[in-house]
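# An overview of the molecular structure
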Amino acid sequence: MICVDGVHKRFAGSGQSALSGVNLKIGRGEIFGIIGRSGAGKSTLVRLLNGLEKPSEGTVRLDGIEVGGLGPDGLRQLRRRVGMIFQSFGLLSSATAAHNIALPLIIAGMTTPAITARVSDLLGIVGLKDHADKYPAQLSGGQKQRVGIARALATGPDVLLCDEATSALDPETTREVLALIGALNRDLGLTIVLITHEIDVVRQACDRVAVLQSGKIVESGATIDVVLDPQHSETRALLGDGGRLAAGMHGFHGQIVRFTVHGDATAAPVISRIARETGTDLTILDGRVGRLRDTAYAQLTLGIAGGDVRTTLALLEKYGRVST
């Protein structure tokens, strides 16, 4: 659905590139995350995707259309296919929720009855049927973002770009908004690009992810692979633990390994079973248990002492992945 091929972006008066040789392919109907620190080039990239900026080199194609080659009329047509939601919500304070949602339809020249029907449908989709006549000041942060999402959906887009859409929200509201975005992806078949600096957003929502550092993509792939087996130091830093095992944690004396398992095996009593079979003491020193979108996972730092260590490692590898 989206193809970014060899893209560089340099701004006049700047001594360095905001983007350097970026290549991306985003499939139709997937939720794709782009994660990086402030200044990594995320916002520049999203502005290239909707035609607000043109690449200095390379091409950006949306459904086969080269975005950088479009004139004003072509860009207007493109932007009806590309919805956009923002960290700051971008709502008119003097307009009700319903009017904020209606704005793209008014600009598109739809009739009043058609606008009324469409806005009513959108309010239902985002769960704000009872808040149509409220102004932004009367809404919570999560409700404001739902209005922003409804407005982005007004013209029936194929692609939804989310630029730090949850950064201004508390964790519980973030989960609710990400659940809504996931439902839109599933029910409407939208291709969704999530720009974020929050690794938990990627964990909760994304099918695939690319890690952006200083204008370059340093790692990309399926979320489950990138999050559970990061290959680049920047990815490990964003994950928060540097990817290091807890060597010597709590004064433990023995072999320390990282054990990763996902899917149905996550619910199996693997650790206790192996300990019984091998007579080995298995100590959980650190770890995380959760979900990567719809897939359960566990990543544990295990201490192994006594018993048959070699057999223990072989059995762990039977159920999941072991790294030392």
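Model, not experiment: these values are computed from the prediction.

Right, let's get into the overall build of the protein chain. When you go through the protein chain residue by residue, the secondary structure sums to 11 helices and 14 strands. For the C-alpha atoms alone, the extent of the protein chain along its principal axes is close to 75 × 50 × 30 Å. In the protein chain, which comprises 324 residues, the share counted as buried stands at 46%. Carbon and sulfur atoms provide 48% of the accessible area of the protein chain, an area that totals close to 15100 Å².

Strand direction decides the pairing type here: strand 12 (residues 281-292) and strand 13 (residues 295-305), joined by 11 bridges, are antiparallel. Counterpart to G290 in the pairing with strand 13 is Y297. Following strand 12, the chain reverses through 2 residues before pairing antiparallel with strand 13; R293 in that reversal takes a positive phi of roughly 55°.

This part takes up the pattern of salt bridges. Overall, the coordinates contain 13 salt bridges when judged by the stated rule. One salt bridge in this structure joins K9 and E53, with 3.6 Å as the shortest N-O distance. With a gap of 44 residues between them, K9 in strand 1 (residues 2-10) and E53 in the loop between helix 1 (42-49) and strand 4 (57-62) connect regions that are remote in the sequence. Residue classification places K9 among the buried positions, given a relative accessible area of 8%. Across the salt bridge formed by K42 and E164, the nearest N and O atoms sit 3.9 Å from each other. Highlighted residues: K42 in helix 1 and E164 in the loop between strand 7 (159-163) and helix 6 (171-188), separated in sequence by 122 residues. Assigned by exposure class, K42 and E164 land together as buried.

Turning our eyes to something else, we now look at the packing of helix 10 (residues 270-278) against helix 11 (residues 309-319). Packed helices, taken two at a time, are described by their axes: the angle between them and the distance between them. It is at 10 Å that the axes of helix 10 and helix 11 come closest, and there the two elements cross at 150°. When the interaxial angle is binned, helix 10 and helix 11 end up roughly antiparallel. Helix 11 is crossed by helix 10, and the crossing has right-handed handedness. Residues V270, I271, R273, I274, E277 and T278 of helix 10 form the contact with helix 11, whose own contacting residues are T311, T312, L315, L316 and Y319. A class-by-class count of the residues in the contact of helix 10 with helix 11 yields 6 nonpolar, 3 polar and 2 charged.

Among the residues making up helix 3 (residues 97-107), those that are buried are A97, A98, N100, I101, A102 and L105. Each element contacted by the buried residues of helix 3 is listed here: helix 4 (112-125) and helix 5 (141-153). Positive backbone phi, approximately 85°, marks G109, located one or two places after helix 3.

So, on to the nonpolar core. Core analysis: the largest hydrophobic core is formed by 50 residues, its most contacted members being I85, V119, I149, C162, I181, I192 and L194. Core analysis: the second largest hydrophobic core is formed by 28 residues, L19, M84, L161 and I195 among them.

So, on to the sheet that holds strand 9 (residues 208-213). Taken in spatial order, the 6 strands make up an open sheet running 6-7-8-3-9-10, and their pairing is mixed. In this open sheet, the two strands that pair with only one neighbour each are strand 6 (82-86) and strand 10 (216-222). Across the sheet, the mean angle from the axis of one strand to that of its neighbour is 15°, orientation sign disregarded. Note that strand 3 (residues 31-35) and strand 8 (residues 191-196) share 5 bridges and pair parallel. When the sheet's bridge partners are listed, I31 is paired in strand 8 with I192.

Within the open sheet, the 4 strands sit side by side as 12-13-11-14. Their pairing is antiparallel. Of all the strands in the sheet, the pair left with one neighbour each is strand 12 and strand 14 (321-323). Within the sheet, the average angular offset between the axes of one strand and its neighbour, ignoring direction, is 20°. Helix 11 rests against strand 11 (255-262), strand 12, strand 13 and strand 14 of the sheet, and its axis sits at about 20° to strand 11.

Along helix 11, the residues classified as buried are T312, L313, L315 and L316. End-on view of helix 11: buried residues confined to an arc of 165°, all on one side of the axis. Exposed and facing more than 90 degrees away from the buried side of helix 11 are R310 and K318. Where helix 11 is buried, its residues contact strand 11, helix 10, strand 12, strand 13 and strand 14. Put simply, D308 is the residue that caps the front of helix 11, since its side-chain oxygen is 3.4 Å from the backbone nitrogen of R310.

Moving on to unusual backbone geometry. Positive phi outside glycine occurs at S214, with the angle close to 50°. Relative to the helices and strands, S214 is located in the loop between strand 9 and strand 10. On the accessibility criterion, S214 (57% relative accessible area) is exposed. Here R293, not a glycine, exhibits a phi torsion of approximately 55°, which is positive.

Each value, and the rule that gives it
Residues numbered from 1 in each chain as written. Predicted model: local features only at pLDDT ≥ 70, side-chain atom pairs only at ≥ 80, totals over all residues. Heavy atoms only, no water. Helix = DSSP H or I, 4+ residues; strand = E, 2+ residues; numbered from the N terminus. Buried < 20%, exposed > 50% of the residue type's maximum accessible area, 1.4 Å probe, protein only. Areas by Shrake-Rupley, 256 points an atom, 1.4 Å probe, with all protein chains shown as cover. Pairing = 2+ DSSP bridges. Salt bridge = Lys/Arg side-chain N within 4 Å of Asp/Glu carboxyl O. Axes fitted to C-alpha atoms, helices over the stretch in contact; angles between N-to-C directions. Parallel < 35°, antiparallel > 145°, perpendicular 65-115°, else oblique. Left-handed = near helix turned anticlockwise from the far one by under 90°. Contact = heavy atoms within 4.5 Å. Nonpolar A, V, L, I, M, F, W, Y, C, P; charged D, E, K, R; others polar. Core = buried A, V, L, I, M, F, W, Y, C linked by side-chain atoms within 4.5 Å. Arc of directions from axis to C-beta. Polar contact = N/O pair within 3.5 Å; in protein donor to acceptor, adjacent residues only side chain to side chain.

Fair warning: the whole summary comes from geometry, so function is off the table for now.
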